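Reading the structure
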Amino acid sequence: MKAVLFETFQEAPKLVTVPDPVPDAHGVVLKVAATGVCRSDWHGWMGHDSDIELPHVPGHELAGEVAAVGKDVRNWKIGDKVTVPFICGCGSCSECHAGQQQVCLHQEQPGFTHWGSFAEYVPIHQADLNLVALPEGMGFDTAASLGCRFATSFRAVIDQGKVRAGQWVAVHGCGGVGLSAVMIAAAAGANVIGVDLDPVKLALAKEIGAVAAIDGHEADVPGAIREITRGGAHVSLDALGHPVTMTNSILCLRPRGKHVQVGLMLGEHAAPQVPMPKIVGQEIELLGSHGMQAHRYGAMLDMVASGKLDPARLVGERISLAEAPAALMAMDSFRSVGATVITRF
Ligand SMILES: [Zn+2]
Ligand SMILES: [Zn+2]
């Protein structure tokens, strides 16, 4: 099969031919129909992820068709159209037994712990636990974004942030995760404020439901949010993963507000300074959010089916596998609006 592979961190990945994967007993192999290019893939390529062994094929936001099935798989057959959370549970640890596969103790992540979906085929383990059937009529390009950005934002806003109608929600960073969070929080009835450096992304944030947009170049972003919200946001997300957006997110909260860290903080940003006096004095909650387990997809997909959420609006550029190396290496420049998806292999 064709695959995009890198042999050294930070050196240009190449389009190469490698052997087709075979499913293990409890797994499947998917024929990839669409796969998003995500900032997490960029972190992996930079060498920020200790799970990655070289040589490596990135790619974790995927949708496709079941092409081969292991002998112990009960629920899936060749031709089924599916997506998968980027964190796959093992099915046998205490977190998986509690239904919390997104923090599985032995989790696997395509594109990190094994070769991913920047390829014609990708193996997925524990298929009965981790695969999610696509609803009728959903395009593969839309479905690809569900596996990481959209599902991650759904869990961050709904399950971790517990956003309720009428609350003020601030979203710092309006890339793929942030725009998804804006749409989901607005659908939940919140008043959403988007923050970004890019006026095009801010305009899109307003189109999909934000009631206000703040230019991140502004000197006092938290102050601007506290003014609009008359006291601070109830819930705020760092959807980028940077010390500046993280700090702004915490400082823009009202007392007893919730900060949800969604963007990864890796490499030089792995140990940021946190404004602890506000967290203690105002009883701020700090929450992490890490993907979303397969069994929670139903709630999200029902909101897509009913038209309350429209992830197709967040698909940006569609590119070929041959264009993936350049797109991956450019992920840190933040030029793309919406999710870049590989749809031609
Ligand atoms: Zn991702
Ligand atoms: Zn597990």
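These lines cover the structure that appears in this document, whether it is placed above or below. It should be emphasised that the depicted structure is a prediction, and the values quoted were computed from it without experimental measurement. (Residues numbered from 1 in each chain as written. Chains lettered and ligands numbered in written order. Predicted model: local features only at pLDDT ≥ 70, side-chain atom pairs only at ≥ 80, totals over all residues. Heavy atoms only, no water.)

**Topic: the sheet that holds strand β11 (residues 233-238)**
Filter applied, for reference: In this scheme, strands are said to pair when DSSP sees at least two bridges between them. Numbered from the N terminus, helices here are DSSP runs of H or I no shorter than four residues, and strands are runs of E no shorter than two. Angles here are taken between N-to-C directions and fall from 0 to 180 degrees, while the axes themselves are lines fitted to C-alpha atoms, restricted in helices to the stretch in contact. Whether two residues touch is decided by their heavy atoms; if any such pair falls within 4.5 Å, the residues are in contact.
Taken in spatial order, the six strands make up an open sheet running β10-β9-β8-β11-β12-β13, and their pairing is parallel. The sheet is open, and its two borders are formed by β10 (212-215) and β13 (285-288), each paired with just one other strand. The sheet shows a mean angle of 20° between the axes of neighbouring strands, direction not considered. Relative to β11, strand β8 (residues 168-172) runs parallel, the two sharing four bridges. Residue pairing for β11: His172 is matched across the bridge by Asp238. Each of β8, β9 (191-196), β10 and β11 is contacted by helix α7 (residues 221-228), which is oriented at about 160° to β10, the strand it contacts most.

**Looking at the nonpolar core**
Definition in use: Put simply, buried Ala, Val, Leu, Ile, Met, Phe, Trp, Tyr and Cys residues joined by side-chain atoms within 4.5 Å make one nonpolar core. Relative accessibility decides the category of a residue: with a 1.4 Å probe and only protein chains considered, values under 20% of the type maximum give buried, values over 50% give exposed, and everything between is partly exposed. For the domains described, the bounds stem from an automatic or database domain assignment.
Counting residues in hydrophobic clusters, the biggest one holds 43 residues, and the most contacted among them are Phe150, Val169, Val171, Leu237, Tyr297, Met300 and Leu309. At the level of elements, α4 (140-160), β8, α5 (176-187), α6 (199-207), β11 and α10 (297-305) are the ones that each hand at least two residues to this core. When we break this core down by domain, the ones giving at least three residues each are domain 1 (2-144 + 310-344) and domain 2 (152-288). Each residue touching Met300, except ones within four places of it in the same chain, is listed here: Leu146, Phe150, Ala151, Phe154, Met292 and Leu309. Grouped together as the second largest cluster of nonpolar side chains are 19 residues, Met1, Ala119, Leu321 and Met331 included.

**Overview of the pattern of salt bridges**
Rules: Here a salt bridge means any side-chain nitrogen of Lys or Arg lying within 4 Å of a carboxyl oxygen belonging to Asp or Glu.
Scanning the entire structure with this criterion turns up 10 salt bridges. Of the charged contacts in the structure, one is a salt bridge between Lys71 and Asp72, with a shortest N-O distance of 3.3 Å. Judged by relative accessible area, Lys71 falls into the exposed class, the value being 71%. Salt bridges linked by common partners bring Arg155, Asp159 and Arg296 together as one network.

**A few points about the coordination of the zinc ion (ligand 2)**
Let me state the cut-off plainly: Water is not part of the atom set, so a site may look incomplete; the donors themselves are N, O and S atoms within 2.8 Å of the metal, or 3.2 Å for Na, K and Ca.
At the metal site, the zinc ion (ligand 2) is ligated by Cys90 (SG), Cys93 (SG), Cys96 (SG) and Cys104 (SG), and these contacts range over 2.3 to 2.4 Å. The sequence pattern describing where the donors of the zinc ion (ligand 2) fall on their chain is C-x2-C-x2-C-x7-C. According to the relative accessible area criterion, Cys90 is buried, its value standing at 14%. A residue is classified by how much of its surface remains accessible, and Cys96, at 7% relative accessible area, is buried.

**A short note on the packing of α4 against α10**
The condition is simple: Under this scheme an angle from 65 to 115 degrees is roughly perpendicular, one under 35 degrees roughly parallel, and one over 145 degrees roughly antiparallel; angles in between are oblique. Here the term charged refers only to Asp, Glu, Lys and Arg, the term nonpolar to Ala, Val, Leu, Ile, Met, Phe, Trp, Tyr, Cys and Pro, and the term polar to all other amino acids, Gly among them.
Where α4 meets α10, the closest approach of the two axes is 11 Å, and the angle between their N-to-C directions is 95°. Accordingly, the angle class assigned to the pair α4 and α10 is roughly perpendicular. Here Leu146, Gly147, Phe150, Ala151 and Phe154 of α4 lie close against α10, whose contacting residues are Tyr297, Ala299, Met300, Leu301 and Met303. Here the contact of α4 with α10 is built from residues that sort into nine nonpolar, one polar and no charged.

**Description of the side chain of Asn248**
Tracing the chain through its elements places Asn248 in helix α8 (residues 243-251). The buried category is assigned to Asn248, whose relative accessible area is 16%. Filtering out sequence-adjacent residues up to four positions away, Asn248 remains in contact with His172, Val221 and Pro222.

**Structural notes on empty space enclosed by the protein**
The condition is simple: Put simply, the grid is 1 Å and covers the protein atoms alone, a cavity is a trapped set of points that fit a 1.4 Å probe, a pocket is an open set with protein on both sides within 12 Å along at least five of seven lines, and lining residues have an atom within 4 Å of a point. Grid points are joined across faces, edges and corners, and a volume is the space filled by probe spheres set on the points.
If you walk through the whole model with that rule in mind, you get one cavity of 30 Å³ or more. When its volume is computed, the largest cavity comes out at roughly 40 Å³. Lining the largest cavity are Ser145, Arg149, Phe150, Gly176, Ser180, Pro311, Leu314 and Ala339. Elements with a minimum of two residues in the lining of the largest cavity: α4 and α5.

**Focus on helix α1 (residues 39-46)**
Counting buried positions along α1 yields seven of eight residues, so the element is predominantly enclosed. Of all the residues in α1, the buried ones are Arg39, Ser40, Asp41, Trp42, His43, Gly44 and Trp45. Considering only its buried residues, α1 is in contact with β3 (28-37) and α11 (324-329). One or two residues past the end of α1 sits Gly47, with phi positive at roughly 95°.

**Some points on the layout of surface pockets**
Empty space within the second largest pocket amounts to approximately 160 Å³. Looking at side-chain class alone, the lining of the second largest pocket contains six nonpolar, five polar and three charged residues. Counting residues domain by domain, the lining of the second largest pocket receives three or more from each of domain 1 (2-144 + 310-344) and domain 2 (152-288).

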